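# Commentary on secondary and tertiary structure
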Amino acid sequence: MADRLSVGSLNKINTTSDPSEFPANPVLQVLTVKELNSNPTSGAPKRYRVVFSDSQNYAQSMLSTQLNHLVMENKLVKGAFVQLTQFTVNVMKERKILIVLGLNVLPELGISEKIGNPAGLETVDVLKQQQQQNASKPPSESSSTSSFYGNRPPPMNNAPAPAAKRNAVRAGGGLSTIIYPIEGLSPYQNKWTIRARVTNKSEIKHWHNQRGEGKLFSVNLLDESGEIRATGFNEQVDAFYDILQEGQVYFISKCRVNIAKKQFSNVQNEYELMFERDTEIKKSEDQNAVPMARFNFVTLEEVGKVAKDAIIDVIGVLQNIGPVQQITSRATSRGFDKRDITIVDQSGFEMRMTVWGKQAIDFSVPEESIIAFKGVKVNDFQGRSLSMLNSSTMTTDPDIPEAHTLKGWYDGQGRAQDFMKHSSAATVGSGTNRTAERKTVAEVQAQHLGMSETPDYFSLKATVVYIRKKNISYPACPTPDCNKKVFDQGGSWHCEKCNKDYEAPHYRYIMTIAAGDHTGQLWLNVFDDVGRILMGKTADELNAMQENDENEFTSVMSDASYVPYVFECRAKQDNFKGEVRVRYTAMSVRNIDWKQESKRLVDLIKSA
Ligand SMILES: [Zn+2]
């Protein structure tokens, strides 16, 4: 085994300043694999540090998260041998870090005890120059920390080490010249520049609430090491919105690094960036230095097995483009534009994808183009469909192998093929007693629930903030299970369905209530079962009160207000006088289980 190791390769990587001089595909032994401490409930991917040896030297490295599976599958283990296929050296906290982006485990070499007696790498040139510079100065405090390469680092002053300067890419202008990997960003350091591609740019969003109004936009940024989301507010919208273009590569520095708010993002990063007044952004001259968007495609056949509400990547051939439709959200009375398109792939399935807003109106992709979608939502109920979110991206004819394969298949046989749909049979039954995912009002709106052709279900913790006094109930047929509205014919009530007259109707609730949470307010339709729970009275009782005792009626109404519940809701398109609207209905309601609710909040706080 020892003769297979690329002896001296780590020293070469450590001392050369020119990546083109890096040894190609060095074979190394794994000495240790260590998981970095991270919050287990944060949902962020685990991070691993791996110590590699070439038998002469050892070096610590950071493993790119896309290689985590090798650790989890017990392939990348202590004593194993690997061949690095893609790696880079970055300077972080004034130290060099080996970042491994690709490697192959070599199982044919087996597992072995540590070969040789490898030594930690001295960052010799840095050490010497620093010693000369600092000959008369005492060592700085930072010298007590241990180097990523295993040794104590040389004494450092605040200036970047010469080695770092040599290794750095010149960003020009006032930007810091040290390029950091996105994976290396944290709130604990502020001198950095990243070189990243904008893989997604949101529209400008405006908000108005009690505290004022404003606007914001966000972009997803990608480099070889990972992804991060960046958001700009108000003045930063004016400053940067037009500069940042989807698909282009930029040098970006001097942003605030915050803990990521994961509920608003599909980017896997513990942190996110916020543009500030002195943030610097400059377009990179070298547009090819950074990879294109990363995808983790699911075939359209596999979409059938993916859970509802999952966020996935798909690629397909555009087969059909539907017309733009207008939908009004009852929550906001705002209009939404949507367009359904159909894509197909080699798995023999077709899938409907809903595109929203400006993208729906401007959609001008020719049929039979290849489209790759990143971060789209899976809808179920009647089979499967997909829907873009604000954070989703759509790339036409991307230059990636999957696109070329798909094009070849479509030209060869796909064009003439018939496609299958995921049938609704398997999922219809589960529509009735599902426990839907908890959403906030803001999420219900941002995720366009109820605006596709199939209804969406969600659970909502909210407080009754208003009960509309008009049309609280309607006179219904007293025959069990009829429930049809009956008409007053002066002394008797007539049911058209049963074709019978009755002395008195049986009142049933048909209320409209406003339910609010900390993110907004939603109008909910409420029918008899739920109405009885909310009002604590039957509709007959309440109706009698409304006619006979105004004071008691008012008191029941106010008792029913400002009570919190968990509502199980359905959001569904509704055609009202030719206008398509989204209607939210409270299917059932229950009192809040405070113990369970507190536990949920604790989990949420921990994961924030
Ligand atoms: Zn009837």
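See above for the structure.
Predicted, not measured: the structure shown is a model, and the values here were computed from it.

The coordination sphere of the zinc ion, as far as protein atoms go, consists of Cys477 (SG), Cys482 (SG), Cys495 (SG) and Cys498 (SG), spread over 2.2 to 2.3 Å. One way to put it: the four donor atoms around the zinc ion meet at angles of 107 to 114°, and that makes the site tetrahedral. One chain supplies every donor to the zinc ion, and in sequence these donors are spaced C-x4-C-x12-C-x2-C. Of this pair, Cys477 sits in the loop between β24 (473–476) and β25 (487–488) while Cys498 sits in the loop between β26 (493–495) and β27 (500–502), and the two are 21 residues apart along the sequence. On the basis of relative accessible area, Cys498 is assigned to the partly exposed category, the value being 27%.

We now examine the packing of aromatic side chains. Applying the stated rule across the entire model yields 11 aromatic pairs. Summarising the aromatic geometry, the rings of Trp409 and Phe419 are spaced 6.2 Å apart at their centres and angled 75° between planes, so their arrangement reads as edge-to-face. Linking Trp409 in helix α7 (residues 401–412) with Phe419 in the loop between α7 and α8 (425–428), this pair joins segments that are 10 residues apart in sequence. When the centroid spacing of 6.2 Å and the interplanar angle of 80° are considered together, the rings of Phe458 and Tyr584 count as edge-to-face. Placement of the pair is Phe458 in strand β23 (residues 456–467) and Tyr584 in strand β31 (residues 579–591), with a sequence separation of 126 residues.

Bringing the packing of helix α11 (residues 539–548) against helix α12 (residues 550–560) into the picture now. One can describe the packing of α11 onto α12 by two numbers: an axis separation of 6 Å at closest approach and a directional angle of 135°. Put simply, α11 runs oblique to α12. Where α11 approaches α12, its residues Leu542, Met545, Gln546 and Asn548 are matched on the opposing element by Glu550, Glu552, Phe553 and Val556. Across the contact of α11 with α12, the residue classes tally to four nonpolar, two polar and two charged.

Residues Phe553, Val556, Met557 and Ala560 constitute the buried set of α12. Considered in projection along α12, the buried side chains sweep an arc of 100° and stay on one side of the axis. Set apart from the buried face of α12 by more than 90 degrees, the exposed residues are Asn551 and Asp559. As for α12, its buried residues are in contact with β23, α10 (528–535) and α11.

The strand order across the open sheet formed by three strands is β25-β26-β27, and the pairing between neighbours is antiparallel. Edge positions in the open sheet fall to β25 and β27, since each of these has one partner strand only. In this sheet, β26 lies alongside β25 in antiparallel orientation, the contact comprising two bridges. Residue pairing across strands places Asp488 opposite Trp493, the latter belonging to β26.

Turning to the nonpolar core, a few remarks are in order. The biggest cluster of nonpolar side chains holds 70 residues, and the ones touching the most others in it are Ile312, Val314, Phe373, Leu534, Met535 and Phe567. Summarising the domain contributions, this core has at least three residues from each of domain 3 (300–421) and domain 4 (441–472 + 510–601). Ignoring any residue separated from it by four or fewer positions in sequence, one finds Ile312 in contact with Val298, Val303, Val306, Phe373, Lys374, Gly375, Val376, Val378 and Leu386. Ranked by size, the runner-up nonpolar core spans 24 residues in total, among them Leu221, Ile228, Ala230 and Phe240.

The next subject is the environment of Phe295. Position of Phe295 among the secondary structure elements: in the loop between β15 (280–283) and β16 (311–329). Separated by 17 residues in the primary sequence, Phe295 and Ile312 place their C-alpha atoms 9.0 Å from one another.

In this section: the side chain of Glu597. Looking at the secondary structure, you find Glu597 in helix α13 (residues 594–607). In contact with Glu597, other than residues within four places in its own chain, are Arg438, Lys461, Val566 and Ile592.

Conventions used here
- Residues numbered from 1 in each chain as written.
- Predicted model: local features only at pLDDT ≥ 70, side-chain atom pairs only at ≥ 80, totals over all residues.
- Heavy atoms only, no water.
- Donors = N, O, S within 2.8 Å, 3.2 Å for Na, K, Ca; no water.
- Tetrahedral: all angles 85-135°; square planar, octahedral: opposite > 155°, others 65-115°.
- Helix = DSSP H or I, 4+ residues; strand = E, 2+ residues; numbered from the N terminus.
- Buried < 20%, exposed > 50% of the residue type's maximum accessible area, 1.4 Å probe, protein only.
- Phe/Tyr/Trp six-rings, centres within 6.5 Å; stacked < 30°, edge-to-face > 60°.
- Axes fitted to C-alpha atoms, helices over the stretch in contact; angles between N-to-C directions.
- Parallel < 35°, antiparallel > 145°, perpendicular 65-115°, else oblique.
- Contact = heavy atoms within 4.5 Å.
- Nonpolar A, V, L, I, M, F, W, Y, C, P; charged D, E, K, R; others polar.
- Arc of directions from axis to C-beta.
- Pairing = 2+ DSSP bridges.
- Core = buried A, V, L, I, M, F, W, Y, C linked by side-chain atoms within 4.5 Å.
- Domains from an automatic or database assignment.

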